[in-house]
Amino acid sequence: MDASSLFSSLDLVCGNGLSLSSEQRAALQTSMIILKSHYRFNRVLLWGKILGIKHDYFIAQGVGEDEIKDKKCLYSMNCMDWHLLPQVTEAMVANVAAVAKGRFLGDPSHQYDPAEIRRQGGGDAAVGENVMMKVSEENRLAATVFTIDKEVAVVPRGAYIRSPHGNVQTNPSFQGLNPTEAAKLNNYMHFSEAKTLKKKSILEMADLNPAIDFLDVLSDDVLKGSWSLQFEHGSKVCVIRSLLWFGLTFYHVPGTSQHGYIYMGDGLKTLDLPFML
Amino acid sequence: MERSVESRDDQRRQTAVCFKAFLLKKSTKTNLNLYDHLVRLLIRVMNERPENAVDVIEDLSHEVKRSMLQEKQSTLKDAPDATSAELLAEQQRALFSRGDEGAHDEIETPLPNVTELTYFLEQIGVGLGREEMQRILLALKQLVDMQPLERCRFWGKILGIEGNYIVAEVEVRDGEDEEEEEVETMHAKEKEGEAQEEDELDPFPKSSFKPPTTIPKEPRRSGTNKFTYFVCREPGLPWVRLPDVTPAQITVARKIRKLFTGRLDAPIVSYPPFPGNEANYLRAQIARISAGTQVSPLGFYQFREEEGEEEEEGARDSVEENPDFEGMPMQEMAESLSAWVHHIQHILLQGRCAWVNLAEKTEDLLEEDMDEEEKEEEPDEPEPEVGPPLLTPLSEDAEVNNTIPWSTRISSNLISQYAIAFVRSNLWPGAYAYVCGKKFENIYIGWGLKFLGEGFNPALPPSPQPEYPSGPEITEEIDPSVQEEEALREAQEEKEAALEGNDALEAEDEEEEEEGEEDDEEN
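Residues numbered from 1 in each chain as written. Chains lettered and ligands numbered in written order. Predicted model: local features only at pLDDT ≥ 70, side-chain atom pairs only at ≥ 80, totals over all residues. Heavy atoms only, no water.

### Overview of the overall build of chain B
Phase 1: A tally of helices and strands in chain B yields 13 helices and 12 strands.
Phase 2: Within chain B, the proportion of its 523 residues that are buried is 34%.
Phase 3: In chain B, the share of contacts with a sequence separation of at least 24, taken over all contacts with a separation of at least 6, comes to 64%. (Helix = DSSP H or I, 4+ residues; strand = E, 2+ residues; numbered from the N terminus. Buried < 20%, exposed > 50% of the residue type's maximum accessible area, 1.4 Å probe, protein only. Contact = heavy atoms within 4.5 Å.)

Okay, here's the thing in structure tokens:
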């Protein structure tokens, strides 16, 4: 969610109960301007908040030239001092998934020890065989933010364009979806590198505009029904919540270019979702 | 020279005119021409002066064309259907109408102070947004005006896939809510009567299966049914009263993991099968959440002192506000969990707050049909379940999968003298309680699901009942080989041969005996 419009849009996404306190809002307003100038970002986004048992993490994202590839994530415990999160690799995500379990603690230097899990799990000897390293909570945080962005970041169709050079930029002439379009899930897209787009048939591709349809559509997700689309605030604001990652809320005011998403939750994926629908 | 310059100018003019004629040529498809289009486009650029105009010129061009198409549409348009936003706005309008003020001024209303709640929740970073809370307050006012309520509280909000529930916790005034229950029992009796009639007409073979005795529902105003709950989907829409919860619903709700859809009449498809629809499931989850997360600062409530002083401590099931409560220092509330206590009774494994001895019940039933069956052995007296007593501190709550059940926080680290302390439940994500001086409040905003800490293991169906005892005569065996058959036949032949030998001997003996008998008869 763009830091400049944060304070008007925060009320639109707090339908799931979590918000920011006045002190945090005030602190963010100050610190994110400093952040933007220090790191020379084009835009700063407030990505969200991950609840820990002892402390909470606040996550910000700085965007450079390319809106998808050129992103940097930072975290803070007090909304004031920001620290860069480590670069995420596939191996790191896999390791974190295997080692780090349970809730976040709120201590970035906490080490998740694979030996401890092996001791508790007992039966999971096969998993324990793999070479696993200790994972610090900072790495886990980086991997979680990366995964959430990859799996459930949402933008409305047409809000971003890909230039002929391949750069993804905001679309200045995006005027919002109309209310009928906004009620349909196929007008919202994953804001990450497309995966299923290439597998589409030529017939389906014919309708797509290469400048704006370069992302995967939400309605093509494999687990059908993993999104909850509702109109809130007197049916004026379209709110999409991910059921796969409880806490991810996307809002779009139909007819305007206002849109954004924020994650406020405990940073755990709902692995039980197939049972719950 | 001049002539040649003039002629060149003429030529240029000629070319320009030709090109303009080309630009003015109308498209055979759309009846537009490029010249007019460019004029419109440039006028638009001049009017709007967009930044980096060259980058967006294609889009502008598109839009100009599109706007032309709109103008061409007939002036006779269909009246657009009312959008959902308009319909909702019409319904919410009633919230903002001032009722007859004078009549309500004197009576003390049970309306909760949601404005204050909003203020405190905002401090701790929780809430639904100010306008939404204001709408909820107005909706609660509507509820209070319509129903005879003793107490009313904004319990929280439960999110669903298609819609959300706003939940109000109320106590209905004495004597006003009995009618409904009677009606229900009447219905039940009627149904039984019908069933019996059908049986007489066409008797079915009776199953020997005896369902386990159902645990009786707790009466209103006690245990899990202490409060009544009303829900509505959006402020302004009608409030719906949730049915009372039964122990069976609570026990099943503990075993399943389902999201709410937002429709109260939606069926719950699950295993083990849930007795009821979403309204019952919602009520069961509300009961579980209340029991797990309704907390208050130590000393705010005290046990109600009744005449029956000899009662044991565990049997105390009601609390009242302590008039001498002075408030706890904020630091203490924010640091130790033992400063917080539960004020709602723990729900036992049985699905009730007060334990009921089922063995006694079954005995009564047995006595009725004693003639049919021999009396079974006295069932062992089951151990009564005892939960933690009321006003147990949070520090004694059980951990789930190495996650401590509560996190304590403080609303501000910078100015701690005015900060308020709050706790967040880790078992029921979305449950909060804050305290500020003498004031405290609980709220739940979430999906209505408990934190498990590990993957959910659905209950497995019981193993199928064996149809008949498994023995050697019905188990499959490997076919014998030729050699084995030969061996068997040889063995059988030998046996037969031996038997024949025996038979021959026996036959001779018999003949002799018969002869002897004949002799006796003759004599």
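### Remarks on the pairing of strand 3 (residues 228-232) of chain B
Residues and elements named next belong to chain B.
Phase 1: The element strand 3 is extensively covered by neighbouring structure, given that 5 of its 5 residues are classed as buried.
Phase 2: Burial along strand 3 is two-sided: the face carrying Thr228, Phe230 and Cys232 and the face carrying Tyr229 and Val231 are both buried.
Phase 3: For strand 2 (residues 165-172) and strand 3, the ladder comprises 5 bridges, and the chain directions are antiparallel. For Ala168, the partnering residue across the bridge sits in strand 3 and is Phe230.
Phase 4: Relative to strand 4 (residues 240-241), strand 3 runs antiparallel, the two sharing 2 bridges. (Pairing = 2+ DSSP bridges.)

### Side note on a negative patch on the surface
Phase 1: Taken together, the side chains of Glu490(B), Glu493(B), Glu494(B), Glu496(B) and Glu500(B) make up a negatively charged region of the molecular surface.
Phase 2: By the element assignment, Glu493(B) lies in helix 13 (residues 482-522). (Patch = residues over 30% accessible without salt bridge, like charges linked within 9 Å, V, L, I, M, F, W, Y side chains within 5 Å. Areas by Shrake-Rupley, 256 points an atom, 1.4 Å probe, with all protein chains shown as cover. Salt bridge = Lys/Arg side-chain N within 4 Å of Asp/Glu carboxyl O. Lys, Arg positive; Asp, Glu negative; His and termini not counted. Charge placed at Lys NZ, Arg CZ, Asp CG, Glu CD.)

### Notes on the sheet that holds strand 1 (residues 149-158) of chain B
In a beta sheet, neighbouring strands are held together by backbone hydrogen bonds and run either parallel or antiparallel to one another.
Residue and element names in this part refer to chain B.
Phase 1: Taken together, the 8 strands give an open sheet; going across it, the order is 4-3-2-1-12-11-10-9, and neighbouring strands pair in mixed fashion. The open sheet has two edge strands, strand 4 and strand 9 (406-410), and neither has a second partner.
Phase 2: Where strand 1 lies against strand 2, 8 bridges are found, and the strand directions are antiparallel. When the bridges of strand 2 are listed, Arg153 appears paired with Glu169.
Phase 3: Relative to strand 12 (residues 439-446), helix 6 (residues 114-123) is tilted by about 75 degrees, and along the sheet it contacts strand 1, strand 11 (431-436) and strand 12.
Phase 4: Each of strand 1, strand 2 and strand 3 is contacted by helix 7 (residues 130-146), which is oriented at about 145 degrees to strand 1, the strand it contacts most. (Axes fitted to C-alpha atoms, helices over the stretch in contact; angles between N-to-C directions.)

### As for helix 2 (residues 34-48) of chain B
Residue and element names in this part refer to chain B.
Phase 1: Taking 1.5 Å per residue as the helical rise, helix 2 with its 15 residues ought to reach 21 Å, and the 21 Å between its terminal C-alpha atoms agrees with that figure.
Phase 2: You can read the cap of helix 2 off the contacts: a side-chain oxygen lies 3.2 Å from the backbone nitrogen of Tyr35, and it is on Asn33.
Phase 3: Of the residues trailing helix 2, Arg49 is marked for its positive phi of about 45 degrees. (Expected span 1.5 Å × (residues − 1). Polar contact = N/O pair within 3.5 Å; in protein donor to acceptor, adjacent residues only side chain to side chain.)

### Observations concerning the interface of chain A and chain B
Phase 1: Across the contact, 42 residues belong to chain A and 50 residues belong to chain B.
Phase 2: Where chain A abuts chain B, roughly 3400 Å² becomes buried across the two surfaces, and 49% of that area is made up of carbon and sulfur atoms.
Phase 3: At the junction of chain A with chain B, the criterion picks out 3 salt bridges.
Phase 4: Across the pair Arg409(B) and Asp56(A) runs a salt bridge, and its minimum N-O distance is 2.9 Å.
Phase 5: Summed over the shared surface of chain A and chain B, the result is 20 residue pairs in polar contact (both at pLDDT 80 or more).
Phase 6: Looking at which element gives the most residues to the side of chain A that touches chain B, the answer is strand 11 (residues 227-232) of chain A, with 6 residues.
Phase 7: Taken together, the residues of the side of chain A that touches chain B break down into 16 nonpolar, 16 polar and 10 charged. (Buried area = accessible area lost by both parts, 1.4 Å probe. Nonpolar A, V, L, I, M, F, W, Y, C, P; charged D, E, K, R; others polar.)

### With respect to the packing of aromatic side chains
Residues and elements named next belong to chain B.
Phase 1: One pass over the full model with this rule turns up 19 aromatic pairs over all chains.
Phase 2: For the pair Phe120 and Tyr434, a centre-to-centre distance of 5.1 Å together with 35 degrees between the ring planes defines the contact as tilted. Placement of the pair is Phe120 in helix 6 and Tyr434 in strand 11, with a sequence separation of 314 residues.
Phase 3: With a centroid separation of 6.4 Å and an interplanar angle of 80 degrees, the aromatic rings of Trp155 and Tyr229 are classed as edge-to-face. Residue Trp155 is found in strand 1, and its partner Tyr229 is found in strand 3; the two are separated by 74 residues along the sequence. (Phe/Tyr/Trp six-rings, centres within 6.5 Å; stacked < 30°, edge-to-face > 60°.)

### Observations regarding empty space enclosed by the protein
Residues and elements named next belong to chain B.
Phase 1: Under the counting rule described, the total for this entry stands at 3 cavities of 30 Å³ or more.
Phase 2: Of the voids in this model, the largest cavity is the one considered here, and its volume is about 180 Å³.
Phase 3: Gly223, Thr224, Lys226, Phe227 and Ile344 are, among the 19 residues lining the largest cavity, the residues nearest its centre.
Phase 4: The element best represented in the lining of the largest cavity is helix 10 (residues 278-293), accounting for 4 residues.
Phase 5: When grouped by side-chain class, the residues that make up the lining of the largest cavity number 9 nonpolar, 6 polar and 4 charged. (1 Å grid on protein atoms, 1.4 Å probe; cavity = no way out; pocket = protein on both sides within 12 Å on 5 of 7 lines; lining within 4 Å. Points joined across faces, edges and corners; volume = space filled by probe spheres on them.)

### Brief notes about the side chain of Arg283(B)
Residue and element names in this part refer to chain B.
Phase 1: Following the sequence through the fold, Arg283 ends up in helix 10.
Phase 2: For the buried Arg283, no salt bridge is present, and the opposite-charge side chain at shortest range is Asp244, 5.1 Å distant.
Phase 3: Dropping the residues within four chain positions of it, Arg283 is found in contact with Thr224, Asn225, Phe227, Tyr229, Leu242, Pro243, Asp244 and Val245.

### Thoughts on unusual backbone geometry
All names here are of chain B.
Phase 1: Backbone torsion omega between Tyr271 and Pro272 reads -5 degrees, so that peptide bond is classified as cis.
Phase 2: Summarising the element assignment, Pro272 is placed in the loop between helix 9 (247-255) and helix 10.
Phase 3: Backbone geometry at Arg49 places phi at a positive 45 degrees, although glycine is not the residue there.
Phase 4: Arg49 gets classed as exposed once you look at its relative accessible area, which sits at 66%.

### Some words on the nonpolar core
Grouped burial of nonpolar side chains is what soluble globular proteins tend to show.
Phase 1: The biggest cluster of nonpolar side chains holds 88 residues, and the ones touching the most others in it are Tyr188(A), Ile158(B), Leu259(B) and Leu282(B).
Phase 2: Residues contacting Ile158(B), with those up to four places away along its chain left out, are Asn164(B), Tyr165(B), Phe260(B), Leu282(B), Ile286(B), Ile289(B), Tyr444(B), Gly446(B), Trp447(B) and Gly448(B).
Phase 3: Among the nonpolar cores identified, the runner-up in size contains 59 residues, and Leu18(A), Leu35(A), Leu137(B) and Ala139(B) belong to it. (Core = buried A, V, L, I, M, F, W, Y, C linked by side-chain atoms within 4.5 Å.)

### Looking at the pattern of salt bridges
Phase 1: Per the stated rule, a full pass over the model turns up 20 salt bridges over all chains.
Phase 2: Among the salt bridges present, the one from Arg135(B) reaches Glu132(B), with a minimum N-O distance of 3.0 Å. Here the residue Arg135(B) and the residue Glu132(B) both occupy positions in helix 7, the gap between them amounting to 3 residues, near one helical turn.
Phase 3: The class for Arg135(B) is buried, based on a relative accessible area of 14%.
Phase 4: Judged by its relative accessible area of 10%, Glu132(B) is buried.
Phase 5: Two residues, Arg151(B) and Glu171(B), come together in a salt bridge whose shortest N-O distance is 3.0 Å. Note that Arg151(B) is positioned in strand 1 and Glu171(B) in strand 2, a separation of 20 residues in sequence.
Phase 6: Ionic contacts of the salt-bridge type, sharing partners, join the residues Asp2(A), Arg43(A) and Glu67(A) into one network.

### As for helix 1 (residues 6-13) of chain A
Residues and elements named next belong to chain A.
Phase 1: Taken together, the buried positions of helix 1 are occupied by Leu6, Ser9, Leu10, Leu12 and Val13. Down the axis, helix 1 shows its buried residues gathered within 160 degrees of arc, on one side only.
Phase 2: In the core, the buried residues of helix 1 are packed alongside helix 2 (22-39), strand 1 (43-50), strand 12 (237-242), strand 13 (248-252) and strand 14 (259-265). (Arc of directions from axis to C-beta.)

Shape descriptors only; they carry no functional weight alone.
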